[in-house]
Amino acid sequence: MALLIQVLMSFLVVQQCFEKSDAQLMLQIPALSKCGLDKIYQLGDSLSDTGNFIRLSIWGSVSPFAKLPYGENFFKKGTGRASDGMLIIDFIALESGLPLLNPYMDQNANFAHGANFAVIGATALQAGVLAEKKIYNPLGNGSLDMQLGWMSSHFQYTCHYDCSEYLKSSLFLVGEIGGNEFFYGLTQGKTMEDLRNMVPEVVQNIVEAVNTVIGFGAIRIFIPGNFPIGCLPMTLTTFLTNNSMAYDENHCLKDLNNLAISYNEHLQQAIEDLKKKNPNVTLIYGDYYNAYQWLLQHTVNHGFDQNSLRKACCGEGGYYNYDAKRQCGFPGVPVCADPSTYISWDGVNLTEKAYSLIARWLIDDILPQLKC
């Protein structure tokens, strides 16, 4: 009964999130419910973490993600989500007719409908591999390898490694992950060439993760690419330039978006190769890049403030409302009056409103590929 109440209450909020959408985007019958999914499993970073990071250490429990204004819109408290409310994975769960995914590190939680292993700040590459490149994760170790270890322990307990039958109606999300390596590298003095050279290695780690979850028994796997990282307030602030040629028609940084495009192309090719080797597994690329671009092109229709499309709602400093030394959640840092009119929540992560619309676009894109 408690699970049913949670789903019903969440549906009411989802309907509110879509009130300003085009008619064809209005939420009616949950689109993914026809797929008969009974469990969802998530690997990833801050785009997906529903509370693991804040439970990893004492430092995490006092981090900004553990308290308001994070979570102010839906949860009315900090849940460990890096947004003002729900994330893409939350909307996917609800559209599947399932409750919101509990974080794996909440050992008292109900995992009957899946589990979330994502960690804020996580990387696809292990910390030791990054250290060899002189790149360091300022938030600590939250690598994809660590998350897969958690997942292995979880399945050892729930289905004793023989998970094929247990997982036959499950959906796995491997990512988005792999973007933080580039963020950390960019802010720690690496060149664009250094980062482009990292792309194949990052993609290979994601491929290995996909092979691992296939080994667990996964037969439906969603593998998201990266957002246009040159459109985020954090990167726009860090690499601000007077050179107008550095920006595209959306006033985003071309070089950084080209890096994301290169990464996504490598990932898509890797997924095509995986399909050939695993004909009985449904492997779907999640086109986060074009979903975000679509959002930028339809901001007027959805009530976004046209003067704040590349500004952080929660933050202060400079043209983009972002300062690495005065980030969202720090004492005295202001929050915009209406987050639903902003795309960016804190300069890196998005608002619930933006996530709701991107989730709608993604679900419409992947539903035919799931062949439900």
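Everything numeric in this text was worked out from a predicted model, so none of it was measured. (Residues numbered from 1 in each chain as written. Predicted model: local features only at pLDDT ≥ 70, side-chain atom pairs only at ≥ 80, totals over all residues. Heavy atoms only, no water.)

A.B. asks: So what's going on with the state of the cysteines? Which residues, and what values?
C.D. replies: Overall, the coordinates contain five disulfides when judged by the stated rule. There is a disulfide in this structure between Cys159 and Cys163, and the S-S distance comes to 1.9 Å. Between Cys159 and Cys163 the disulfide shows an S-S torsion of about 75°. By sign, it is right-handed. Within the protein chain, bonded cysteines paired by disulfides and numbered along the sequence follow the pattern 1-10, 2-3, 4-5, 6-9, 7-8. (Disulfide = S-S within 2.5 Å.)

A.B. asks: How would you summarise the pairing of strand β3 (residues 170–174) if you had to cite specific residues and measurements?
C.D. replies: In terms of burial, β3 is a largely internal element, five of the five residues being buried. Burial of the side chains of β3 extends over both faces: Ser170, Phe172 and Val174 are buried on one face and Leu171 and Leu173 on the other. Of the strand pairs in this sheet, strand β1 (residues 39–43) and β3 are connected by five bridges, and their pairing is parallel. If you follow Ile40 over to β3, its bridge partner there is Leu171. Bridging between β3 and strand β4 (residues 220–224) involves two bridges; their strand directions are parallel. Considered in β4, the bridge of Leu173 is made with Phe222. (Buried < 20%, exposed > 50% of the residue type's maximum accessible area, 1.4 Å probe, protein only. Helix = DSSP H or I, 4+ residues; strand = E, 2+ residues; numbered from the N terminus. Pairing = 2+ DSSP bridges.)

A.B. asks: I'd like a description of the packing of helix α4 (residues 88–95) against helix α12 (residues 352–370), backed by residues and values.
C.D. replies: Put simply, α4 and α12 touch, their axes get as near as 8 Å, and they point 50° apart. Here α4 is positioned oblique relative to α12, judged by the angle of their axes. For α4 against α12, the interelement crossing comes out right-handed. Two secondary-structure elements touch here, α4 through Ile88, Phe91, Ile92 and Glu95 and α12 through Glu352, Tyr355, Ser356, Ile358, Ala359, Arg360, Leu362 and Ile363. When the residues that make up the contact of α4 with α12 are grouped by side-chain class, the tally is eight nonpolar, one polar and three charged. (Axes fitted to C-alpha atoms, helices over the stretch in contact; angles between N-to-C directions. Parallel < 35°, antiparallel > 145°, perpendicular 65-115°, else oblique. Left-handed = near helix turned anticlockwise from the far one by under 90°. Contact = heavy atoms within 4.5 Å. Nonpolar A, V, L, I, M, F, W, Y, C, P; charged D, E, K, R; others polar.)

A.B. asks: Quick rundown of the environment of Glu352? Include the residues and the values.
C.D. replies: Within the element layout of this structure, Glu352 appears in helix α12. Since its relative accessible area comes to 2%, Glu352 is described here as buried. In this structure the C-alpha to C-alpha distance between Glu352 and Tyr342, which are ten residues apart in sequence, comes to 9.5 Å.

A.B. asks: Tell me about the pattern of salt bridges, residues and numbers included.
C.D. replies: For the structure on display, the rule yields nine salt bridges. As a salt-bridge pair, Asp106 and Arg55 come within 3.8 Å of each other at their nearest N and O atoms. A residue pair is termed long-range when its members are at least 10 positions apart, and Asp106 in the loop between α4 and β2 (114–116) and Arg55 in helix α2 (residues 53–56) qualify at 51 residues. Residue Arg55 is classed as partly exposed on the basis of its relative accessible area of 37%. One salt bridge in this structure joins Glu316 and Arg326, with 2.6 Å as the shortest N-O distance. In this pair, Glu316 sits in the loop between α11 (288–297) and α12 while Arg326 sits in the loop between α11 and α12, placing the two residues ten residues apart along the sequence. For Arg326, a relative accessible area of 30% puts it in the partly exposed group. Overlapping salt bridges, with partners in common, bring together Glu95, Arg360 and Asp364 in one network. (Salt bridge = Lys/Arg side-chain N within 4 Å of Asp/Glu carboxyl O.)

A.B. asks: Summarise the sheet that holds strand β5 (residues 282–286); cite the residues concerned and give the values.
C.D. replies: Across the sheet, five strands lie side by side as β2-β1-β3-β4-β5; this open sheet has parallel pairing. What marks the edges here is a single partner per strand, and that holds for β2 and β5. Sheet twist, expressed as the average angle between the axes of neighbouring strands with direction ignored, equals 20°. Relative to β5, β4 runs parallel, the two sharing five bridges. Looking at the pairing, Ile221 lines up with Leu283 of β5. Contacts from α4 reach β1, β2 and β3, with the element oriented near 170° to β1. Against the sheet, helix α10 (residues 254–277) contacts β4 and β5, and its axis sits at roughly 170° relative to β5.

Structural measurements only, silent on function.
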